[in-house]
Amino acid sequence: FFLTGLVLFLSYIFFFHTLCNPFDRVDESLFVKTIGFFIFSSSIALMIPCVAQLKEINTNTSSKKIAFHFVTYTSLLTYGIYLIHPLIFSFIFSDDFIVKNYYLRFTITILLVYLISFLVYTYFEKPFLKAREIIVSRKDK
């Protein structure tokens, strides 16, 4: 299942890059807007069970530890990633951005999204979650 999901995921990325380059052509592609969303979500769904078992399957190897920590920390940052990524993508992929190389822009985008999402999680989301726990525990008493 994992390999099928990985092949579908990489195929989707290839077709997305091929059909939507330059980036502003996303809305022109019927594949990306219809079948692509199904393929993308299905590929992720096929890979989740394998990734979920990484901690249970001897995480003594460094590659499994890295994969487990990446998935764990990304799951903590998903709300920030959801909020931030459209702003960062539109800024980095605008015509006014200094860097013109597509791959370098993509790398900068991913790094910025993770960095800002980490800051959102650390300084906004985490304090609210702690406050919620305090309020809920007081109500239970």
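To start, this report covers the structure provided alongside it. (Residues numbered from 1 in each chain as written. Predicted model: local features only at pLDDT ≥ 70, side-chain atom pairs only at ≥ 80, totals over all residues. Heavy atoms only, no water.)

1. Points about the packing of aromatic side chains
For any pair of aromatic rings, the description rests on two quantities: the centre-to-centre distance and the angle between the ring planes.
Then comes step 1: Inspection of the entire model under this criterion finds 6 aromatic pairs.
Then comes step 2: Ring centres of Tyr12 and Phe40 lie 5.3 Å apart, and the angle between their planes is 45°; this geometry places the pair in the tilted category. With Tyr12 in helix α1 (residues 2-19) and Phe40 in helix α3 (residues 35-52), this pair connects stretches of sequence that are 28 residues apart.
Then comes step 3: Since its relative accessible area comes to 7%, Tyr12 is described here as buried.
Then comes step 4: Through successive ring pairs, a cluster of aromatic residues spans Phe9, Tyr12 and Phe40. (Phe/Tyr/Trp six-rings, centres within 6.5 Å; stacked < 30°, edge-to-face > 60°. Helix = DSSP H or I, 4+ residues; strand = E, 2+ residues; numbered from the N terminus. Buried < 20%, exposed > 50% of the residue type's maximum accessible area, 1.4 Å probe, protein only.)

2. Details of the nonpolar core
Then comes step 1: One finds Leu77, Ile81, Ile84, Ile88, Phe89, Ile92, Phe93, Phe97, Val99, Val113, Val120 and Tyr121 forming the largest nonpolar core, which totals 12 residues.
Then comes step 2: Among the elements of the structure, α4 (62-92) and α5 (102-140) are those that each provide at least two residues to this core.
Then comes step 3: For this core, the element with the highest residue contribution is α4, accounting for 6 residues.
Then comes step 4: If we ignore the near neighbours within four places in the chain, the residues touching Val120 are Gly80, Ile84 and Glu125. (Core = buried A, V, L, I, M, F, W, Y, C linked by side-chain atoms within 4.5 Å. Contact = heavy atoms within 4.5 Å.)

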